[in-house]
Amino acid sequence: MPRSSQLHRNKPLENVSIAYKPMGYIGDELSPKVSVENETDTYYVYSKDTMGLPETIRADGAESNRANFNLSTASYTLEEHSIHDDVTDRQKRNADKAIRIEADTTEFLTDIILRRREVDLQSVVQTVSNWANSVSLTAAAAWSLNTTTTNPIQQIDSASSIINLNSGKRPNVAVLNELAFNAAKEHTSIVERIKYTSPDSVTPAMIAKLFNIEKILKPEVVYNTGNEGTGDSMSRIWNDNVFLAYIAPVTGLKKVSAIGTLWQNNAGSPYVVKKWREEKISADRIEVNAMFQNKIISSDCAYIIADVSQ
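Residues numbered from 1 in each chain as written. Predicted model: local features only at pLDDT ≥ 70, side-chain atom pairs only at ≥ 80, totals over all residues. Heavy atoms only, no water.

**Digging into the overall build of the chain**
Then, number 1: If you tally the helices and strands in the chain, you get eight helices and 14 strands.
Then, number 2: Along the first, second and third principal axes, the C-alpha atoms of the chain reach 80 × 65 × 35 Å.
Then, number 3: Taking contacts inside the chain between residues at least 6 apart in sequence as the whole, the part at least 24 apart equals 79%.
Then, number 4: Carbon and sulfur atoms provide 48% of the accessible area of the chain, an area that totals close to 17300 Å².
Then, number 5: When the 33 basic and 38 acidic side-chain charges of the chain are each reduced to a single mean position, those positions are 3 Å apart. (Helix = DSSP H or I, 4+ residues; strand = E, 2+ residues; numbered from the N terminus. Contact = heavy atoms within 4.5 Å. Areas by Shrake-Rupley, 256 points an atom, 1.4 Å probe, with all protein chains shown as cover. Lys, Arg positive; Asp, Glu negative; His and termini not counted. Charge placed at Lys NZ, Arg CZ, Asp CG, Glu CD.)

Written out as structure tokens, the structure is:
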């Protein structure tokens, strides 16, 4: 049976965790949080019957035609993510006044949870087989080749048209990691469009305008894939597969959207921060928990362009 102190949520540190917003992550913009109550459940999926066009003309004295639509269900299962660290009494005594050792530890642990979410999200988003619409570029068609035989704008336009045809939505977000973004901004098809208006630099906003979408997300998070004690091995989380998608501006299970993160709302917080005493090591233990699943909601609302910077 756990001690009563282990069942207590630390609200001040929980507020630290909620407020922590590190740079470079795109999870919340690409896959907004959808609050759910249960760890596992089902939700309704509306068919494309809702996009049909039944006959609406009615003869005098006749009944109107009936229109209906079909529903199916999909399920989700949240996974619990939890991590802790210990703040010893000696650390607290020796810490400079400028160091908020408990708050810093909470932010450190929250960052691990966020990085795990970002890695899991990347795996879902940039796996070509997860989506209904995709193309894998050959070396001769890669954006990084930068020739007149390749054209990122035309490829994005084509992908946007396919998303619109299959879902009725226009993509509003594209993910380009650093390699993909650099290949796009240096490509002659883009440079020629903007060379008289902005010769100095190409920004994500400029490329978004040329792609006719609202926002380019340029993830910059890296992580260390090396095992502890074996040396550092730094890698980008996001690869050069360009992800084009419609993401609903208002989240919810009944909204048409490519992806969302189903996140258990724990009394108004996506994170649970616990703090309790570990007397045997003369330390306070701080633990950060979250339960979520990155979930594809509508595969038709997205398109993958793979291997753009070979």
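**Concerning the layout of surface pockets**
Then, number 1: Considering only enclosed or pocket space, the second largest pocket measures out at about 240 Å³ in volume.
Then, number 2: Of all elements in the fold, only helix 4 (101-125) and strand 8 (222-224) reach the threshold of two or more residues within the lining of the second largest pocket.
Then, number 3: Tallying contributions element by element places helix 4 first for the lining of the second largest pocket, with four residues.
Then, number 4: Residue classes in the lining of the second largest pocket are distributed as six nonpolar, one polar and two charged. (1 Å grid on protein atoms, 1.4 Å probe; cavity = no way out; pocket = protein on both sides within 12 Å on 5 of 7 lines; lining within 4 Å. Points joined across faces, edges and corners; volume = space filled by probe spheres on them. Nonpolar A, V, L, I, M, F, W, Y, C, P; charged D, E, K, R; others polar.)

**Some points on the pattern of salt bridges**
Then, number 1: Evaluation of the coordinates by the stated rule reveals 17 salt bridges.
Then, number 2: We note a salt bridge from Lys33 to Asp28, for which the minimum N-O separation is 2.8 Å.
Then, number 3: Residue classification places Asp28 among the partly exposed positions, given a relative accessible area of 37%.
Then, number 4: Residues Arg236 and Glu178 are paired through a salt bridge, measuring 3.5 Å at the closest nitrogen-oxygen approach. One end of the pair, Arg236, is in strand 9 (residues 234-236); the other, Glu178, is in helix 6 (residues 178-185), and 58 residues separate them in sequence. (Salt bridge = Lys/Arg side-chain N within 4 Å of Asp/Glu carboxyl O. Buried < 20%, exposed > 50% of the residue type's maximum accessible area, 1.4 Å probe, protein only.)

**A few points about helix 5 (residues 152-167)**
Then, number 1: Counted at 1.5 Å a residue, the expected span for helix 5 with its 16 residues is 22 Å, and the 22 Å between its end C-alpha atoms agrees.
Then, number 2: Where helix 5 is concerned, the buried positions are Pro152, Ile153, Ile156, Ala159, Ser160, Ile163 and Ser167. Viewed end-on, helix 5 has its buried residues packed into an arc of 130°, placing them on one side of the element. Of the exposed residues in helix 5, those oriented more than 90 degrees away from the buried face are Gln154 and Leu165.
Then, number 3: For helix 5, the secondary structure elements touched by its buried residues are helix 7 (188-194), helix 8 (204-211), strand 10 (242-245) and strand 14 (302-306).
Then, number 4: Where helix 5 starts, the residue carrying a side-chain oxygen 3.0 Å from the main-chain nitrogen of Ile153 turns out to be Asn151. (Expected span 1.5 Å × (residues − 1). Arc of directions from axis to C-beta. Polar contact = N/O pair within 3.5 Å; in protein donor to acceptor, adjacent residues only side chain to side chain.)

**As for the sheet that holds strand 10**
Then, number 1: One open sheet holds the five strands; their spatial order is 5-14-10-6-7, and the pairing between them is mixed. Either end of the sheet is taken by a strand with one partner, and the two such strands are strand 5 (134-136) and strand 7 (215-217). Across the sheet, the mean angle separating the axes of adjacent strands is 15° when strand polarity is ignored.
Then, number 2: Judged from the four bridges that link them, strand 10 and strand 14 form a sheet pairing that is antiparallel. Looking at strand 14, one finds that Phe243 is bridged to Ile304. (Pairing = 2+ DSSP bridges. Axes fitted to C-alpha atoms, helices over the stretch in contact; angles between N-to-C directions.)

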